[in-house]
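# Observations on the model geometry
Okay, here's what each chain looks like letter by letter:
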Amino acid sequence: MGASPVLADVDPDTGCLTADELRAVVSSRTRAVIVVHLACTAAELDDIVAVTGQEGLALIEDCSQAHGTRWAGRAVGTFGAIGVFSLGAAKSLAAGEAGAAITDSRDLYERMLMLRADSRGYTEDAPGSGEYELVEHGTVMGANYCMSELTAGLLLDQLPRLDDQHTLREQRAKEIEAGLPDIPGLAPIPVPAPVDRRAVYEYGIRVRPGAFGPATVDQVAAALTAELGTRVYPPRDPLHRSVLLRPQTKPRFAQWWSEAAERATGRAFTGADHYRDHTLLMHHSVLLGERGDTEDILTALDKVRAHADQLAAHPEPKGLA
Ligand SMILES: *Cc1c(COP(=O)(O)O)cnc(C)c1O
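The following paragraphs examine the structure supplied in this document. (Residues numbered from 1 in each chain as written. Predicted model: local features only at pLDDT ≥ 70, side-chain atom pairs only at ≥ 80, totals over all residues. Heavy atoms only, no water.)

### Some remarks on the packing of helix α4 (residues 149-179) against helix α8 (residues 291-313)
In contact at an axis separation of 9 Å, α4 and α8 are set at 35° when each is read in the N-to-C sense. Between α4 and α8 lies a crossing of right-handed hand. In this structure, α4 uses Arg-172, Glu-175, Ile-176 and Gly-179 to contact α8, whose residues at the interface are Arg-291, Thr-294, Ile-297 and Leu-298. Looking at side-chain class alone, the contact of α4 with α8 contains three nonpolar, two polar and three charged residues. (Axes fitted to C-alpha atoms, helices over the stretch in contact; angles between N-to-C directions. Helix = DSSP H or I, 4+ residues; strand = E, 2+ residues; numbered from the N terminus. Left-handed = near helix turned anticlockwise from the far one by under 90°. Contact = heavy atoms within 4.5 Å. Nonpolar A, V, L, I, M, F, W, Y, C, P; charged D, E, K, R; others polar.)

Listed below in structure tokens is the structure:
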């Protein structure tokens, strides 16, 4: 659509966009802001909405990791012009591959309908038997991104269980958080005070620099994975150095990106780099089990940390891995 993405840095403890980082990159050319509610927390929405309101920018909330998170009683995804939700295989509402977008704007709704259904929208009334429910509006040229009824059926079946799963995951998260102060150098990911319901997608633990001696977060994650038999991992590489952001590999973007790349990524992203290197993540399904599971997690953290202490005292050439 001719828009150039400009990356903003994030809070080093939460990985979420902040109002300060947003202000640092907003220019007279900025039109819209995408904020991600990451892992097991939410971006500071009040501050961000204040900036987008002041600057007259459209806010798009990426709630792909926060289905059901509430901010002061209101669902995230309803603070911006559009809220988007991935319903991919790993998400807390999972349909293999799927997604949803919500808005309270009639215009944006109609436009998104056409974008996802080959320029078609719905009929005014329910279609008659055997009749087509899509009518050709054609004011915006779209493509076919429609969710199939089979996929919708899978999601509808999960929906009634989601609230109870959130409650259980939050309880398990609190159990881990109750044990973390006993393990030096570890802390929970901060959650803004207005969040009155947290939806955990990936449960995250902050690692103070040096908490595991010389071991990197990747080595610590590998050791925890071996202890627990379930995957513990650091965050994916931040976008400014992710191999997935490669517009120049597409002929139609190559020339444009050679000019836009400097504006998009040409600065330091110390918050994102810190988050990547000092966070341990676990998939939300780990928090759907028994109380004993959280004790196993705390025991494994303690064991790996104690081992790192020993290594720091008596370094071996092989290191922690
Ligand atoms: C999973 C995810 C996406 C991508 O979702 P798809 O359904 O694979 O397109 C986008 N944003 C965030 C924050 C995600 O977690």
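### Notes on α8
Taking 1.5 Å per residue as the helical rise, α8 with its 23 residues ought to reach 33 Å, and the 34 Å between its terminal C-alpha atoms agrees with that figure. For α8, the elements touching its buried residues are α4, β9 (186-188), β11 (202-207), α5 (217-228) and β13 (279-283). (Expected span 1.5 Å × (residues − 1).)

### Section: the nonpolar core
Generally speaking, nonpolar side chains in soluble globular proteins are found buried as a group. One finds Tyr-203, Ile-205, Phe-212, Leu-280 and Leu-301 to be the most contacted residues of the largest nonpolar core, which totals 46 residues. Among the elements that line this core, the one with the most residues is α8, at six residues. Excluding its chain neighbours within four sequence positions, the residues that come into contact with Ile-205 are Ile-176, Leu-180, Leu-186, Ala-187, Ile-189, His-278, Thr-279, Leu-280, Met-282 and Leu-301. With nine residues, the next largest nonpolar core counts Leu-45, Ala-66, Trp-71 and Val-195 among its residues. (Core = buried A, V, L, I, M, F, W, Y, C linked by side-chain atoms within 4.5 Å. Buried < 20%, exposed > 50% of the residue type's maximum accessible area, 1.4 Å probe, protein only.)

### Section: the site of the ligand
With respect to spatial proximity, the complete set of residues near the ligand consists of Val-36, Asp-62, Ser-64, Gln-65, Ser-86, Lys-91 and Ala-98. In this structure, Gln-65 approaches the ligand through a side-chain N or O atom, which is 2.8 Å from an oxygen atom. At a separation of 2.6 Å, an oxygen atom of the ligand approaches a polar side-chain atom of Ser-86. Within the complex, 56% of the 380 Å² of free accessible area of the ligand lies under protein. Grouping the constituent residues of the shell around the ligand by class yields two nonpolar, three polar and two charged. (Near = heavy atom within 4 Å. Polar contact = N/O pair within 3.5 Å; in protein donor to acceptor, adjacent residues only side chain to side chain. Areas by Shrake-Rupley, 256 points an atom, 1.4 Å probe, with all protein chains shown as cover.)

### Here's the deal with the side chain of Glu-202
Mapped onto the elements, Glu-202 comes out in strand β11. Accessibility expressed as a relative area gives 3% for Glu-202, which makes it buried. Glu-202 has contacts with Ala-39, Cys-40, Gln-65, Tyr-233, Arg-236, Leu-281 and Met-282, leaving out every residue within four places of it along the chain.

### Topic: α4
Given a rise of 1.5 Å per residue, 31 residues ought to cover 45 Å, and the 44 Å separating the end C-alpha atoms of α4 matches this to within 8%. Residue Arg-161 marks the point of greatest curvature in α4, where the axis turns by about 45°. The set of residues buried in α4 consists of Thr-151, Leu-155, Gln-158, Leu-162, His-166, Arg-169, Glu-170, Arg-172, Ala-173, Glu-175, Ile-176 and Gly-179. Contacts from the buried residues of α4 go to β10 (195-197), β11 and α8. (Bend = angle between axes of the 7 residues up to and from the residue.)

### A few points about the environment of Asp-182
Examined against the element boundaries, Asp-182 turns out to sit in the loop between α4 and β9. Given a relative accessible area of 64%, Asp-182 falls into the exposed group. Separated by 76 residues in the primary sequence, Asp-182 and Ser-258 have C-alpha atoms spaced 50 Å apart.

### Some words on the sheet that holds β9
The four strands are arranged β9-β11-β13-β12 in an open sheet whose pairing can be described as antiparallel. Across the chains shown, the open sheet's two edge strands, defined by having one partner strand only, are β9 and β12 (232-233). (Pairing = 2+ DSSP bridges.)

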